[in-house]
Amino acid sequence: MSTEPQSPLKTTPLDALHRSLGAKMVPFAGYSMPVQFAAGVLTEHKHTRAAAGLFDVSHMGQVALRGDGVAAALEALVPGELQALREGRMRYTLLLNERAGILDDLMVTNRGDFFYVVVNAACKDADIAHLRACLPPSVTVEPWEDRALLALQGPQAVAALQRHTDFDLSALRFMASAEMALGGTSCLVSRSGYTGEDGVEISVAATAAQALAETLLAEPEVEPIGLGARDSLRLEAGLCLYGHDIDETTTPVEASLTWAIGKRRRAEGGFPGDAVVMRQLSEGTARRRVGIRPDGRAPAREGTVLTDPDGNAIGAITSGGFGPTAGGPVAMGYVQTEHATTGARINAIVRGKPLPAQVVDMPFVAQNYYRG
Amino acid sequence: MSKVWFSEDHEWIRVDGDIGAVGISNFAQEQLGDVVFVEVPEVGKTFGKGDEAAVVESVKAASEIYSPVSGEIVEVNETLADEPTRINDDAEGAGWFFKIKLADATELDDLMDADAYKTFAKDHG
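Residues numbered from 1 in each chain as written. Chains lettered and ligands numbered in written order. Predicted model: local features only at pLDDT ≥ 70, side-chain atom pairs only at ≥ 80, totals over all residues. Heavy atoms only, no water.

Things to note about the overall build of chain A
Here is the rule we go by: Starting at the N terminus, helices and strands are each numbered in turn, a helix being any DSSP run of H or I of at least four residues and a strand any DSSP run of E of at least two. Relative accessibility decides the category of a residue: with a 1.4 Å probe and only protein chains considered, values under 20% of the type maximum give buried, values over 50% give exposed, and everything between is partly exposed. For the area figures, the Shrake-Rupley method with a 1.4 Å probe applies, and any residue is considered shielded solely by the protein chains shown. Just so you know, the count uses Lys and Arg for positive and Asp and Glu for negative, and it drops His and the chain ends. Just so you know, the charge point we use is NZ for Lys, CZ for Arg, CG for Asp and CD for Glu.
Within chain A, the regular secondary structure consists of 9 helices and 19 strands. Counting only C-alpha atoms, chain A reaches 65 × 55 × 50 Å along its principal axes. Looking at chain A residue by residue over its 372 residues, the buried ones come to 58%. With an accessible surface of roughly 15,100 Å², chain A has 52% of that area assigned to carbon and sulfur atoms. Charged side chains in chain A number 34 positive and 42 negative. The centres of these two groups are separated by 4 Å.

Points about the overall build of chain B
Going by this rule: For the radius of gyration, the atom set is restricted to C-alpha positions; the globular benchmark scales as 2.2 Å times the number of residues to the power 0.38. In this description, contact between two residues means that some pair of their heavy atoms is separated by no more than 4.5 Å.
The secondary structure content of chain B amounts to 3 helices and 9 strands. Start at the N end of chain B and walk to the C end: the helices and strands fall as β-β-β-α-β-β-β-β-β-α-β-α. Taken against the 2.2 N^0.38 rule, which gives 14 Å for 125 residues, the C-alpha radius of gyration of chain B at 13 Å falls within 12% of a compact globule. Reported as C-alpha extents along the three principal axes, the dimensions of chain B are approximately 35 × 35 × 25 Å. For chain B, long-range pairs separated by at least 24 residues make up 59% of all intrachain contacts whose partners lie at least 6 apart in sequence.

Some points on the domain arrangement of chain A
All names here are of chain A. Heads up, the condition is: Where each domain begins and ends follows an automated or database-derived domain assignment. Accessible area that two parts lose when put together, with a 1.4 Å probe and added across both, is what the buried area reports. Basic side-chain nitrogens of Lys or Arg form a salt bridge, by our definition, when they fall within 4 Å of a carboxyl oxygen of Asp or Glu. The term polar contact refers here to a pair of N or O atoms within 3.5 Å; inside protein, the definition further demands a hydrogen-donor-capable atom paired with an acceptor-capable atom, and it admits residues adjacent in sequence only when both atoms are side-chain atoms.
Domains assigned within chain A are domain 1 (7-285) and domain 2 (286-360). Computed over C-alpha atoms only, the centres of domain 1 and domain 2 are separated by 28 Å. Facing the 22 residues of domain 1 at the interface are 19 residues of domain 2. In total, about 1,600 Å² of surface goes out of reach between domain 1 and domain 2, with carbon and sulfur atoms giving 49% of it. For R287, the salt bridge goes to E254, with nearest N and O atoms at 3.4 Å. Connecting domain 1 to domain 2 are 18 residue pairs in polar contact (both at pLDDT 80 or more).

In structure tokens:
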């Protein structure tokens, strides 16, 4: 038996609610989180695509960056166009290291008097240290420790939310952010999420989080959803999971995330690893992240080796499983660039046997974002 | 009259004469969650006791199914290919994986009866 004391898991402000709803709790990124509720992963996934699901993502890091020139200062750490990001708008971007490896992926919102940043739970301590070390003294890094983060996702999410605010949500387009009162509590709401569906993410004071969650769960469309379905939803949407599909060894170009590199930034550089990114943009990379659909029904999971039809290794799967809405196995992974073309035939080596598969475009399920 | 035994790997075998139908327990099904894929062996293949004979994959992970006895596969449940959730719906009935012709019925003595398994599952849950 180990004598090392295990560091206790942290809990979110919704911990008691999860347990009262019958959640199966698992350790995730140092937190005790619900992996599923009574309905189970398949049902929760399908419910989110059909109606609305409420996710607790309070483990993620919420940080405010304040100070003169915050956009330009943050641009020195990421390849995203932030100086042209208008107030009330948000953008997906990447913290890079000097080799253009991805330290984390994050959402950045221009809130006017500050920038609001949401980072991955597993990376947040390192991200905050990185921001503090690299941003100039004129910019303060303020973690929001006393806030919860809820995601309400699905085609009926906004209709359910509208019953609890006077704010006209039809004016809040995809990747826009606004402060509004929800059930009497001031919240920061963004039209965003990580499921491929319409929906919102709600930053709320920790002390008000359970009441808000209960209010939303009382709506007929809304069911609680765990991390299991969150993973299958984001995989079908073709979205990367940090630490699996992207990490410090992958660059934005290899990861097929060049859309997240601003046009001006490509020309000017001025971010960590800019020379690597610019060279890869002009000369290409040896490997690229692609979508993969195995033929048949057997899922091909993370770590599965990919080969060409002759059996030569060409890459590996980084996320894979069963896509409940896609109705079959779906995966993403890295392959040698010569095989990274739509329709390319490859094999996934599952339990020692080559399973025929095809390189496909992502997402696996059509996106359902509200663009106004 | 058939009788059912359970293994420590949470398989069950329901024996009728010298043929045993094999599946996973309801306890195992609950632990796995929603089943999305099943791979059954080919008819005619032979397995030793404890050999990996089938695969079941849930939304969470892949798990091997070990043959609780030695013998030859005489029938497989073809319906699982299209309806893997049968295992969630009826793990110890319609969710059987394969039928095996027992090579040595004394191997059953190493398995647990339903009551013993119930206690075992409670302690290993």
